[in-house]
Amino acid sequence: MLDAVCRVEGQAEKTYSVFNFQRLGEQEIEALRQQLYCPVCDGKAYFRKASRDGKAACFGSRYHQPDCPEFNPSASRKQEEQDALEVNQQLLESDALKIDFSMPARRKTPPTKAKAQTEAETKLKPTDAEKDSSVESPKGNYLAKTEGNGEPEDDSSAESPAEPKIATQGLQKLLHSLQRGSDLAYSDLWIYTDDKYRWRAKNLFVNFADAEPNERHAPRMYWGTISHADKAMFWLNPADCNDVGIPIEEVKEALCKRFDIQDREDLEGAGIILFGKCFWNKDKTRKIIKLWNKDLSRLHLVKAED
């Protein structure tokens, strides 16, 4: 994408070519990079600087409309669409879905039909799934069966199915599904974050632009696109909004190693999903989303296309 529309409140809309935008001063680029949109379909856009290994500066967007001429269905984009279709099918066919935080991003060879069915369907005992919601998680104190108001659900009068069909899915496909606009973000399906704790999908998955601190600091699965990192790579700034920050200083080294991040340019335009808590900074001017228990298995990042 060679052009992007820049909208700043109180100023006239301006269209930049990537060549002109990259020549702006560093401070001006930092101030404008979260105000960029696709000039055709108005999808939220990002700017990625020229990289040290020779990749040119570019604009991009993970939110193009399907019929947008700027949307180029590359191999990775087609994979995103396939992932979205797979997750949508699971929403239709399953009683619940369990997140497998250890699931590899990609399999080298497609699984056999029998193996795929075994991996996609996990039978949980009702006694495990329906444990008392007042019991604390060994890794935190968030409540089980959490609805949007943070209160535990009362299942005392509900009859649990003897053998619920519970699908299993990893973070990468869930992220792709959310980015491609599947029904996951609006679904009433139960989502298990482990064998015990479950949430309605529509209450669990939250785009950065919709993040709101809550009194109990109950965690959610936050997702979106990274605009850029600060110079020290201690903070990630979402492209979806400009009032949210994601601190990564405590996990920076491990995160960079795991996702092959060589410099801050590698993070520009990357898709990200993480299980974390949202709270205000001291001055209540910025919302902070912090990775739960510094557990990198609860975070997945997909770098922007080359």
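Every value quoted in this text rests on a predicted model; they were computed, and no experiment measured them. Here the residue index of a chain counts from 1 through its sequence in written order. With pLDDT at 70 or above as the cut-off, local features in this predicted model cover only qualifying residues; side-chain atom pairs require 80 or more to be listed or tallied, and sums for whole chains, interfaces and linings still use all residues. Think of the side-chain values as coming from all heavy atoms in the structure, minus any hydrogens and water.

### A look at the pattern of salt bridges
Note the following rule: Whenever a carboxyl oxygen of Asp or Glu lies within 4 Å of a side-chain nitrogen of Lys or Arg, that contact is scored as a salt bridge. Secondary structure elements follow DSSP: runs of H or I no shorter than four residues count as helices, runs of E no shorter than two count as strands, and numbering proceeds from the N terminus. Throughout this description, buried means an accessible area under 20% of the type-specific maximum (1.4 Å probe, protein chains only), exposed means over 50%, and partly exposed covers the range between.
Scanning the entire structure with this criterion turns up 16 salt bridges. Its salt-bridge partner being Glu 80, residue Arg 62 comes within 3.4 Å of it at the nearest N-O pair. Of the two residues, Arg 62 sits in the loop between strand E5 (58–61) and helix H3 (75–93) while Glu 80 sits in helix H3, which places them 18 residues apart along the sequence. Glu 80 carries the same exposure label as Arg 62, and that label is buried. In this structure, Glu 86 engages Lys 173 in a salt bridge whose closest nitrogen and oxygen atoms are separated by 2.8 Å. Here Glu 86 is found in helix H3, whereas its partner Lys 173 is found in helix H6 (residues 171–179), with 87 residues between them in sequence. Linked through salt bridges whose partners overlap, the residues forming this network are Glu 30, Arg 33, Arg 264 and Glu 268.

### Notes on the sheet that holds strand E2 (residues 14–17)
Sheet strands pair by backbone hydrogen bonding; their relative direction is either parallel or antiparallel. Put simply, the rule is: By the convention used here, strands pair only if DSSP detects at least 2 bridges between them.
The strand order across the open sheet formed by three strands is E2-E1-E3, and the pairing between neighbours is antiparallel. Each having just a single partner strand, E2 and strand E3 (36–37) make up the two edges of the open sheet. Here strand E1 (residues 3–6) pairs with E3 via two bridges, running antiparallel. Bridge pairing in E3 links Val 5 to Tyr 37.

### Side note on the packing of aromatic side chains
Here is the rule: Stacked, edge-to-face and tilted labels apply to pairs of Phe, Tyr and Trp rings (six-membered ring for Trp) whose centres lie within 6.5 Å, assigned for plane angles under 30 degrees, over 60, and everything in between, in that order. Here, over-ring charges are defined by two tests on the NZ atom of lysine or the CZ atom of arginine: distance to the ring centre within 6 Å, and angle to the ring normal within 35 degrees.
In the structure shown here, the tally under the stated rule is seven aromatic pairs. A ring pair is formed by Tyr 16 and Phe 21, whose centres lie 5.3 Å apart and whose planes are at 80°; its orientation type is edge-to-face. Between Phe 101 and Phe 275, the aromatic rings sit 6.5 Å apart at their centres with planes inclined by 50°, giving tilted as the arrangement. Here the residue Phe 101 occupies a position in the loop between strand E6 (96–99) and helix H4 (113–120), and Phe 275 occupies one in strand E15 (residues 271–280), the gap between them amounting to 174 residues. Given the relative accessible area of 10%, Phe 101 is considered buried. Across the ring face of Trp 190, the terminal group of Arg 198 is positioned such that the distance to the ring centre comes to 3.7 Å. The ring centre of Phe 101 lies 4.1 Å from the NZ or CZ of Arg 298, which sits over that ring.

### Some words on the packing of H3 against H6
Angle between the axes and distance between the axes are the two parameters that describe a pair of packed helices. Filter applied, for reference: For helices, the axis comes from a line fit to the C-alpha atoms of the stretch in contact; other axes are also lines fit to C-alpha atoms, and the angle between any two N-to-C directions lies between 0 and 180 degrees. Relative orientations are named as follows: roughly parallel for angles under 35 degrees, roughly antiparallel for angles over 145 degrees, roughly perpendicular for angles from 65 to 115 degrees, and oblique for any other angle. The contact criterion used is simple: two residues touch if any of their non-hydrogen atoms lie within 4.5 Å. Asp, Glu, Lys and Arg are counted as charged, while Ala, Val, Leu, Ile, Met, Phe, Trp, Tyr, Cys and Pro are counted as nonpolar; the rest, among them Gly, fall into the polar class.
At a closest axis distance of 8 Å, the pairing of H3 and H6 adopts a crossing angle of 95°. One finds that H3 runs roughly perpendicular with respect to H6. Of H6, the residues touching H3 (which contributes Glu 80, Asp 83, Ala 84, Glu 86 and Val 87) are Lys 173, Leu 174, His 176, Ser 177 and Gln 179. A class-by-class count of the residues in the contact of H3 with H6 yields three nonpolar, three polar and four charged.

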